[in-house]
There are 2 protein chains.
Amino acid sequence: MGSHNETSSMMNPLEPEEFRRQAHLVVDFIADYYSNIEKYPVCSQVEPGYLTKSMPKSAPLKPEPIETILQDVQKHIIPGITHWQSPGFFGYFQTNASTGNFLGEMLLTGFNTVGFNWLASPAATELEMIVTEWILDLLQLPKSFSFSSNGGGVIHGSTCESFVCTLIAAREKKLKQYGAERGDLCKLVVYCSDQTHFSLQKACQVVGISPNNVRSIQTKKSANFQLSPDALLTAIESDVRAGLIPLYLCLTLGTTPTTAVDPLLILSEIAQRYHIWTHVDAAYAGSACICPEFRHFLDGVEGATSFSFNPHKWFLTTLDCCCLWVKDQTDLTNALSNDPELLKNKASDTKQVVDYKNWQIALSRRFRAMKLWMVLRSYGVIGLQQVIRKHVKLAQRLEAQLSADSNFEVVVPRNFATVCFRVSPLMALTTGSTNEDDLANHLTRTLLESLNETGLVYMTHAVMEGIYVIRVAIGATLTDDKHVNMLWDMIQDHASGLLAKYAEVTPQLN
Amino acid sequence: MGSHNETSSMMNPLEPEEFRRQAHLVVDFIADYYSNIEKYPVCSQVEPGYLTKSMPKSAPLKPEPIETILQDVQKHIIPGITHWQSPGFFGYFQTNASTGNFLGEMLLTGFNTVGFNWLASPAATELEMIVTEWILDLLQLPKSFSFSSNGGGVIHGSTCESFVCTLIAAREKKLKQYGAERGDLCKLVVYCSDQTHFSLQKACQVVGISPNNVRSIQTKKSANFQLSPDALLTAIESDVRAGLIPLYLCLTLGTTPTTAVDPLLILSEIAQRYHIWTHVDAAYAGSACICPEFRHFLDGVEGATSFSFNPHKWFLTTLDCCCLWVKDQTDLTNALSNDPELLKNKASDTKQVVDYKNWQIALSRRFRAMKLWMVLRSYGVIGLQQVIRKHVKLAQRLEAQLSADSNFEVVVPRNFATVCFRVSPLMALTTGSTNEDDLANHLTRTLLESLNETGLVYMTHAVMEGIYVIRVAIGATLTDDKHVNMLWDMIQDHASGLLAKYAEVTPQLN
């Protein structure tokens, strides 16, 4: 594998001038990528195994020049990328990038600190405290979530990590309170709705709570897929009668299928009555609440024990960045602390500092506060509000267009910038079908496939109460009026063609 | 918070030419940082709360220019950074950066894909499979860890995440095998040594295994702090007799305190006899095993169920990047899969593709394979081996210098590029103390503080069997001969001064 002599002439891998030269090349590569992004099909159209075929079977023995590697990125990697930053990306929820965020990622990667405790990089810890306090203020979260009240914020990698950490905190507190042996873990019950993000189920699995003890309470279209207080109360009372221990309630501000908002106030009051930990998951819609006109969706958050949202969705920040606040930081640190000799230091001993390793799963942690701070400073509150409002306005217009067209049904009222629609079951009915929902589902699925196959746009679907809907999540940074106009034209064209074709092949029913 | 009109003139936050301009500025900022890095004290010397004092209480209302923000990074952030990339950084274990890695982070941040399943970005999934197979090959791991044998590799964020995921996989398999109710969770036992990384304890806590069921088996200096097969067997047999269920054994290749290597072959054979999941944690030293002269440390890994190492330590890759391989991928996917309607797609339905969300905790995942691929191509196997060998050579020389000087004791034989030493207890003895270990500890701690206070170097400590040692982890990318020479000079000077001073204040004992 190469003698020592062959290698002696290699440049230091962090030599500053070579770093400078290569990094400038890559900046231009990425700027060009953004300039050309509309030329690529939004969802990758490669076949499984495409890359394995074009890559060598083993790592190169010798160094390769950056120019060669970038050619391969262009030729082999980009065709296999689903372009989440494309203005035609309306799938899942967006994760919207920005220049400010990118600069933050560059700086944090450049420093490459490991801020597991304060001493390992004081700036990383303190900046995280500062930005989470800034955002607390922007969202007008109650002061009880602030460091000044023994609460505080932390940046996790994902909502699932926030679920896991708050579940463990709740679990340990409850087991301690009951003086219970760990065997009682099987008595703990978690509550959510059937619209709650499926990561909660996984988080429960991780922390040892059986799927049998997760109450995924059914929601209804007639109630806009909100969690019903009556249904929650019924479930809790039934569990208490059965000798089980209610542990944790997850409420959602902006569910993934339809962006439904659970009524926080009344639900958290029920939870408080039973000493249940209430977590509010605002992964998607939390960002919108920095605009005064959306803040009312957060009413009742004061009843929650913890709150999280993902700047890596709609806050101009890239993966990974999930902010979590708790009312009592000792809930987290009692459950997640360890204090090994290796990390002992005077600052930690004085208890004057936050050691974020005790607020999360892993020991090591990236300096993620840097990118959030860069975003907040690069765009300011005004800039971030402007982005939210632009996307909401585009979604409003699309919703109005869909509502005014008898070919379509907007299945649930839009709350934010995601529109859920389907081919109108009435329209399906006029084509002669006897089961309008089945036909509408079939036509809507076909419409989605037909639109996505163009490569100009990409959307995903959801199914609630047996209704198949196309979700249009408007939020990519580059998405503008013209892209949503194009989408609307395409939706109309493809649907007309589809309905005409359907009417043709089923003439006997006309 | 600003009217709509104020905001209408803002540029798109991802406008390519402005992206280009600002990113070029930051490239130069970071290149200059590396050029000047030796001017900063390695470990930050700020006081707790320093940053809060200099930052405004709330986020800025309006956008700020990058030039202003970078001035603040220089003025306020850099003084609060512990410079892990400094050539004088010898603390913990290094996380060594490189230009190739940096370019990979730029590209993955630029694309900002969310590769939870294959479809969401085929290149992200396939490149991860490719690089983990490449490294499998470099490490000469058995083919049973390859995708071609239903095994396979995945990139996690941290060793702790790999612990959690393999513990859950082992837990679910064992509970299923016993047809046990979840109550039997309290019977599962985990084995490790008192040198195992403390993240294992936390991972057990996360997955619901009581600290009482974690056997942290005592190691001895006389056995170089390796886990003893006899002690392991005794612990297992005692648990079996008590009706408990042995679940999981963690072996370490390069422990954090002293880089001890557990004897993999004999220990994994014992584990197999009791159907225990064996995980090999090679977080630090795994990288060294790409050099043939170190590969022997991995002998016996064929007996393991899973294996992990951190490219973000000694493989020119920044946080976060931990590679995990398993022999049977269904162990992970049976325990960690979910299949929500929202993510259903044809590629996943065919089962022809890997959906990495089922190999980890979170749903969302960064395109980390990109940076590992960039590192492998930018430096080649030869370049990576050269880095390892350079650091080992520097450590060998320092070890020899310390061994030859009667003022010092090398406490354990060096295996890789980390040297553990103390002020010689014999030297302490000649100063007249009656408890040589206590005095050696005191002097060694004082020596460490004195060296770190210079700001020229930074090291951390460990304590084993009551012996306090200074750990010199040589592995920062920029560290070169002159830095280790300087360190050696400083160690001699400070120790001489310290011993002379000590002899002065205790003249009555001379």
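Just so you know, the residues in each chain are numbered from 1, in the order the chain's sequence is written. Written order determines the labels here, with chains lettered from A and ligands numbered from 1. With pLDDT at 70 or above as the cut-off, local features in this predicted model cover only qualifying residues; side-chain atom pairs require 80 or more to be listed or tallied, and sums for whole chains, interfaces and linings still use all residues. Here the side-chain values reflect all heavy atoms present in the structure, with hydrogen atoms and water set aside.

**Some details on the overall build of chain A**
Per the secondary structure count, chain A includes 17 helices and twelve strands. It is over C-alpha atoms that the radius of gyration is taken, and the globule rule equals 2.2 Å times the number of residues to the power 0.38. On C-alpha atoms alone, chain A measures out to a radius of gyration of 25 Å, which is about the 24 Å that the 2.2 N^0.38 rule sets for 510 residues. Reported as C-alpha extents along the three principal axes, the dimensions of chain A are approximately 85 × 70 × 45 Å. Only heavy atoms matter for contacts: two residues are in contact if any of them lie within 4.5 Å across the pair. Residue pairs at least 24 apart in sequence account for 75% of intrachain contacts in chain A once pairs closer than 6 positions are excluded. As displayed, chain A has an accessible area near 16,800 Å², and 52% of this comes from carbon and sulfur atoms. Just so you know, the count uses Lys and Arg for positive and Asp and Glu for negative, and it drops His and the chain ends. A charge is said to be at NZ when it belongs to Lys, at CZ for Arg, at CG for Asp and at CD for Glu. Of the charged side chains in chain A, 42 are positive and 51 negative, and the gap between their average positions amounts to 3 Å. Numbering goes from the N terminus for both helices and strands, where a helix is a DSSP run of H or I of at least four residues and a strand is a run of E of at least two. Here the Shrake-Rupley method, with its probe set to 1.4 Å, supplies the accessible areas, and only the displayed protein chains count as covering residues.

**Things to note about the interface of chain A and chain B**
Taken together, the contact between chain A and chain B spans 166 residues of the former and 166 residues of the latter. Both faces considered, chain A and chain B share a buried interface measuring about 14,500 Å² in area, 67% of it formed by carbon and sulfur atoms. By definition, a salt bridge exists where a carboxyl oxygen of Asp or Glu is found within 4 Å of a side-chain nitrogen of Lys or Arg. Our count for the chain A to chain B interface comes out at ten salt bridges. Between Asp28(B) and Arg20(A) there is a salt bridge, and its shortest N-O distance comes to 3.0 Å. Definition of a polar contact: a pair of N or O atoms within 3.5 Å, with one able to donate and the other able to accept a hydrogen when the atoms are protein atoms, and with sequence-neighbouring residues admitted only if both atoms are side-chain atoms. Across the chain A-chain B interface, the total number found is 61 residue pairs in polar contact (both at pLDDT 80 or more). The element contributing the most residues to the side of chain A that touches chain B is helix α2 (residues 16-36) of chain A, with 18 residues. Basically, the charged four are Asp, Glu, Lys and Arg, the nonpolar ten are Ala, Val, Leu, Ile, Met, Phe, Trp, Tyr, Cys and Pro, and anything else, Gly included, counts as polar. In the side of chain A that touches chain B, the residues fall into 86 nonpolar, 49 polar and 31 charged. Put simply, buried area is the surface a 1.4 Å probe can reach on two separate parts but cannot reach once they are joined, added for both.

**A few points about the sheet that holds strand β11 (residues 458-464) of chain A**
Residue and element names in this part refer to chain A. Taken in spatial order, the five strands of this open sheet run β1-β11-β12-β10-β9, and their pairing is mixed. The open sheet has two free edges, formed respectively by β1 (89-90) and β9 (408-410), since each of these has just one partner strand. Note on pairing: DSSP must find at least two bridges between two strands before they are called paired. As defined by bridge partners, strand β10 (residues 418-423) adjoins strand β12 (residues 467-473) across four bridges and the pair is classed as antiparallel. When the sheet's bridge partners are listed, Thr 418 is paired in β12 with Ala 473. Of the strands in this sheet, β9, β10 and β12 are in contact with helix α14 (residues 369-403), which crosses β10 at around 20°. Fitting a line to C-alpha atoms yields each axis, with helices limited to the stretch in contact; the angle taken between N-to-C directions then spans 0 to 180 degrees.

**Brief notes about the domain arrangement of chain A**
Segmentation of the chain into domains, including their bounds, is taken from an automatic or database domain assignment. On domain assignment, one finds that chain A holds domain 1 (14-81), domain 2 (114-366) and domain 3 (377-509). The C-alpha-based centres of domain 1 of chain A and domain 2 of chain A are spaced at 38 Å.

**Examining the UniProt feature "modified residue: N6-(pyridoxal phosphate)lysine" (unreviewed entry) in chain A**
Residues and elements named next belong to chain A. UniProt positions are given in the numbering used here, feature names are shortened, and annotations may be inferred rather than shown by experiment. Mapped onto this structure's residue numbering, the UniProt feature "modified residue: N6-(pyridoxal phosphate)lysine" (unreviewed entry) falls at Lys 313. The residue Lys 313 is located in helix α11 (residues 311-314) in this model. Relative accessibility thresholds used throughout: buried, under 20% of the residue-type maximum; exposed, over 50%; partly exposed, between the two (1.4 Å probe, protein chains only). Taking relative accessible area as the criterion, Lys 313 reaches 17% and is therefore assigned buried. Residue contacts for Lys 313: discarding those within four places in its chain leaves Phe 93, Gln 94, Thr 95, Asn 96, Ala 283 and Tyr 284.

**Considerations on helix α4 (residues 99-111) of chain B**
For an α-helix, the turn length of 3.6 residues means that residues three or four places apart are oriented alike. Residues and elements named next belong to chain B. Across its 13 residues, α4 extends 18 Å between first and last C-alpha, which sits within 8% of the 18 Å expected from 1.5 Å per residue. Within α4, 13 of the 13 residues are buried, which leaves the element mostly enclosed by the surrounding structure. Two residues or fewer past α4, Asn 112 is found with a positive phi of approximately 45°. Here a helix's expected span is defined as the number of its residues, less one, multiplied by 1.5 Å.

**Considering the sheet that holds strand β6 (residues 277-281) of chain A**
Residue and element names in this part refer to chain A. Reading across the sheet, the seven strands line up as β2-β8-β7-β6-β5-β3-β4 and stay open at both edges, with mixed pairing between neighbours. Of all strands in the sheet, those bounded by a partner on one side alone are β2 (152-156) and β4 (214-217). In this sheet, adjacent strand axes meet at a mean angle of 20° when their direction is disregarded. Pairing analysis gives four bridges linking strand β3 (residues 188-193) to β4, with the strands arranged parallel. Within the sheet, the bridge partner assigned to Ser 193 lies in β4 and is Ile 217.

**A short note on the environment of Cys322(B)**
Residue and element names in this part refer to chain B. Secondary-structure assignment places Cys 322 in strand β8 (residues 322-326). You can call Cys 322 buried: its relative accessible area is 0%. Once the C-alpha coordinates of Cys 322 and Pro 56 are considered, the two residues, 266 residues apart in sequence, prove to be 37 Å apart. Ignoring any residue separated from it by four or fewer positions in sequence, one finds Cys 322 in contact with Val 154, Ile 155, His 156, Gly 157, Ser 158, Thr 159, Ser 162, Ser 308, Phe 309, Asn 310, Pro 311 and His 312.

**A short note on the side chain of His24(B)**
With respect to the secondary-structure elements, His24(B) resides in helix α1 (residues 16-36). Among the polar contacts listed, one links the side chain of His24(B) to the side chain of His24(A), at a separation of 2.6 Å. The residues touching His24(B), leaving out its near neighbours within four places in the chain, are His24(A), Val27(A) and Asp28(A).

**Digging into unusual backbone geometry**
Here Leu319(A) and Asp320(A) are connected by a cis peptide whose omega angle stands at -5°. Tracing the backbone shows Asp320(A) in the loop between α11 and β8 (322-326). Positive phi, close to 60°, is recorded for Phe225(B), a residue that is not glycine. For Phe225(B), the position within the fold is in the loop between β4 (214-217) and α8 (229-241). Accessibility expressed as a relative area gives 1% for Phe225(B), which makes it buried. The phi torsion at Leu316(B) lies on the positive side, around 60°, for a residue other than glycine. Structurally, Leu316(B) can be placed in the loop between α10 (311-314) and β8.

**Considerations on the relation of the copies chain A and chain B**
Fitting of the copies onto one another was done by least squares over C-alpha atoms, counting residues only where both copies have pLDDT of at least 70. For these two chains of identical sequence, chain A goes onto chain B by a turn of 180° and a shift of 0.0 Å along the axis, with RMSD 0.0 Å. Here the transformation between the copies is reduced to the relation of a two-fold axis. Relative to the rotation axis, the C-alpha of Val207(A) is the closest in chain A, positioned 2.2 Å from it. Residue by residue, 100% of the interface of chain A is reproduced at the interface of chain B, so both copies engage with the same surface.

**Section: helix α12 (residues 329-336) of chain A**
In terms of residue burial, α12(A) counts as a mostly covered element, since six of its eight residues are buried. Considered for burial, the residues of α12(A) that qualify are Gln329(A), Asp331(A), Leu332(A), Thr333(A), Ala335(A) and Leu336(A).

**Here we look at the pattern of salt bridges**
Per the stated rule, a full pass over the model turns up 50 salt bridges over all chains. Here Arg20(A) makes a salt bridge to Asp32(B), at a shortest N to O gap of 2.8 Å. Of the two residues, Arg20(A) is situated in helix α2 and Asp32(B) in helix α1; the pairing between them involves two chains. Among the residues examined, Arg20(A) registers a relative accessible area of 16% and is labelled buried. Its relative accessible area of 34% is what places Asp32(B) among the partly exposed residues. Note that Glu105(A) and Lys371(A) form a salt bridge whose closest N and O atoms lie 2.8 Å from each other. Taken together, the residues span a long stretch of sequence, with Glu105(A) in helix α5 (residues 99-111) and Lys371(A) in helix α14 at a distance of 266 residues. A relative accessible area of 2% places Glu105(A) in the buried class. Judged by relative accessible area, Lys371(A) falls into the buried class, the value being 0%. Here the salt bridges do not stand alone but share partners, grouping Glu105(A), Asp320(A), Arg366(A), Arg368(A) and Lys371(A) into one network.

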